[in-house]
Amino acid sequence: MALELIRDLIKIDQVIGEEMTQAVVEGDVVVPDSKPDVDKIVSLNGWVVITDREAVEDKVIVDGVVNVKSLYISYEGEQALHHLEGSFGFTQQIDLPGASGRMDAEVKADIEHLDFGMINSRKLNVKCVLNLTGKVSEKSEVDVIRDIKGVGDIQVLRDHLEISDTAGEGASRVTVRQEFEIPADLPAIKEILSTDISLGERDSGISEDRVSIRGILNIATLYIGNDEEGSINSVKYQVPFSHYIEMAGVMPGMREKVRCLVEDFYSTVKENEEGQNRIIEYEAVVKAEGRVETVRPTEVLVDAYSPTVSLEAFKSKIRFKRALDSLRDEIAVKEELGLPADFPQIKEICDVKAAPVLTDFGAYEDRAVVEGVLSIQALYLTTDSEEPMCLYKDEIPFRHSVQLSDGGQPVDLDVDLYLEDLQHRVLDADLLEIRAKVRVDMDVYSTLEKEVLLDVEEVEPAEKREQPSIVVYFIQPGDNLWKIAKRFNTTIEELVKANNIEDPENLAPGDKLIISRMLKYQLS
């Protein structure tokens, strides 16, 4: 009977490399004709949106947009405080050895630092320090051998692999709209100074052929009141939303990874039934990117031989990812921030913004450790008539560790941080308390390498050599029964039977084996 190889096609997602780099990008923001000249910048905020990424030879090309919002003071006219918006594009590269055009690229970006220079009263030059993390992976298919037939005494060595495979991936956008009427104890709106919309709590789940997403949008608006004082007022709201990403073939029990981003947002003032500007309509575009993985148990052959037929085995090493765990935890950040001596004292807080920035992470023994800072910006009205509004910036460091279920083995981590809640309280005229809840999402996986059997061919037997009929063999370090049986053209069963071995897995160097030679060929 001819040699018959039973094959199986396995899919492998192989991470080729991951690198993090910093890049400085800059662009100009021009004051619209409808706005007065800039005399002093009060605050400057920004966020980055990745519009495209592409893996090429040994690098990843990243295209994106930096969106900027600013509050500034102008000495023209009665109203001193105004807002300014703008954006500029950039193209950067992340050096990543081993990358090529056939690979998939994944990029994460956040702003570490934002600064500006005034070219003139109508134009700002904005410089931005970006943290860019690029990862490239390659999808491949390997035709492995699952079984061999056609040789009666074929001996095979099997291994059970758990390979993480991408079952589906995709992206979608949802537009969230909501109207709110400001509280009755606040004045009507003369002009909106700033609106920020960020993602708060979020969750995801898998149903048949789709990934569902649920979350909360946190909204904060700062506006000038239509009253005699032209007071500065703030309102905050929360808007729930739900969405889904279509992915054919995914089903409950698989593991999803979803990243959400507020790509753009708008706020529009509208009149209520009394004709007063007391309604704000919000619109936000949320982009969701998702990937679903499943762990496929696979049995493969890693070696084969026959005591009576000369065979040649062809092997190759494969590298694959095995998902170990998905961890979610919360980091409670609490700190009292004291204003420097040269800062004016706090009269009233207008707005506080915070963003978690990941600075380092890694696995150490049985714990995963995450380090970062919570970047704080507090905009407040002061008690100083010469400087009525001031922006205070600070950073709160944090460190957090999570227990790993498979502690001790080398693992890789994929970490994301999200701000879920932010609270502030003025303790004194120069003291501010910050309380924040930062969520950490962590995927834990290992990258394994295994030599597998790709092909087996029958070959002409090697020339016979005179050998003794019985061999006394002393077990060497690293030996196992498979290696010994293959070397002496016998079988594990014969070795166990001839030597009364009770535990074939427990061999001690120096132990003696009696090997009866009953074989015909020296195999390749």
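Every value quoted in this text rests on a predicted model; they were computed, and no experiment measured them.

Reading the values: rules and limits
- Residues numbered from 1 in each chain as written.
- Predicted model: local features only at pLDDT ≥ 70, side-chain atom pairs only at ≥ 80, totals over all residues.
- Heavy atoms only, no water.
- Pairing = 2+ DSSP bridges.
- Helix = DSSP H or I, 4+ residues; strand = E, 2+ residues; numbered from the N terminus.
- Axes fitted to C-alpha atoms, helices over the stretch in contact; angles between N-to-C directions.
- pLDDT = per-residue confidence, 0-100.
- Contact = heavy atoms within 4.5 Å.
- Buried < 20%, exposed > 50% of the residue type's maximum accessible area, 1.4 Å probe, protein only.
- Phe/Tyr/Trp six-rings, centres within 6.5 Å; stacked < 30°, edge-to-face > 60°.
- Lys NZ or Arg CZ within 6 Å of the ring centre and 35° of its normal.

Participant: Looking at this structure, I do not really get the sheet that holds strand β10 (residues 232–246). What am I missing?
Facilitator: Through backbone hydrogen bonds, the strands of a sheet pair up, either in parallel or in antiparallel fashion. Across the sheet, 3 strands lie side by side as β8-β9-β10; this open sheet has antiparallel pairing. Where the open sheet ends on each side, the last strands, each with one partner, are β8 (189–207) and β10. Across the sheet, the mean angle from the axis of one strand to that of its neighbour is 15°, orientation sign disregarded. As paired elements, β8 and strand β9 (residues 210–225) share 15 bridges and run antiparallel to each other. Note on β9: the bridge partner recorded for Asp203 is Arg214.

Participant: Sorry if this is basic, but what is going on with the confidence of the model for the protein chain here?
Facilitator: Any region with low pLDDT has predicted coordinates that should not be read closely. This prediction gives the protein chain a mean pLDDT of 91; 97% of its residues lie at or above 70. Every residue in residues 519–524 scores below 50 in pLDDT, and together they form 25 contacts with partners more than four places removed in sequence or on other chains.

Participant: Mind showing me how you'd approach the side chain of Ser100 here?
Facilitator: Structurally, the position occupied by Ser100 is in the loop between β4 (81–95) and β5 (104–120). Using a relative accessible area of 15% as the deciding quantity, one classes Ser100 as buried. Apart from residues lying up to four places away in sequence, Ser100 is in contact with Ala55, Val56 and Glu57.

Participant: Would you mind going over the sheet that holds β5 with me for this structure?
Facilitator: Within the open sheet, the 3 strands sit side by side as β1-β6-β5. Their pairing is antiparallel. Two strands in the sheet have a free side with no partner beyond their single neighbour: β1 (4–30) and β5. Averaged over all pairs of adjacent strands, the angle between strand axes in this sheet comes to 5°, irrespective of strand direction.

Participant: Sorry if this is basic, but what is going on with the packing of aromatic side chains here?
Facilitator: Each aromatic ring pair is characterised by the separation of its centres together with the angle its planes make. Applying the stated rule across the entire model yields 7 aromatic pairs. Seen in terms of ring centroids, Tyr305 and Trp482 are 5.1 Å apart; in terms of plane orientation they differ by 70°. Their pairing is edge-to-face. Residue Tyr305 is found in strand β12 (residues 277–305), and its partner Trp482 is found in helix α1 (residues 481–487); the two are separated by 177 residues along the sequence. You'll find Tyr305 and Trp482 in the same group, each marked buried. Three or more aromatic residues joined by ring pairs form one cluster here, namely Phe180, Tyr237 and Tyr282. Directly above the aromatic system of Tyr244 lies the positively charged group of Arg210, at a separation of 3.8 Å from the ring centroid. In this structure, Lys321 packs its charged tip against the face of Tyr445, placed 5.0 Å from the ring centre.

Participant: Please explain unusual backbone geometry as it appears in this structure.
Facilitator: Leaving glycine aside, a negative phi is the common case for residues, and trans is the common case for peptide bonds. Phi is positive for Asp58, close to 60°, though the residue is something other than glycine. Among the secondary structure elements, Asp58 is positioned in the loop between β2 (40–56) and β3 (59–73). For Asp209, which is not glycine, the phi dihedral falls at a positive 70°. Secondary-structure assignment places Asp209 in the loop between β8 and β9. Residue Asp209 is classed as partly exposed on the basis of its relative accessible area of 31%.

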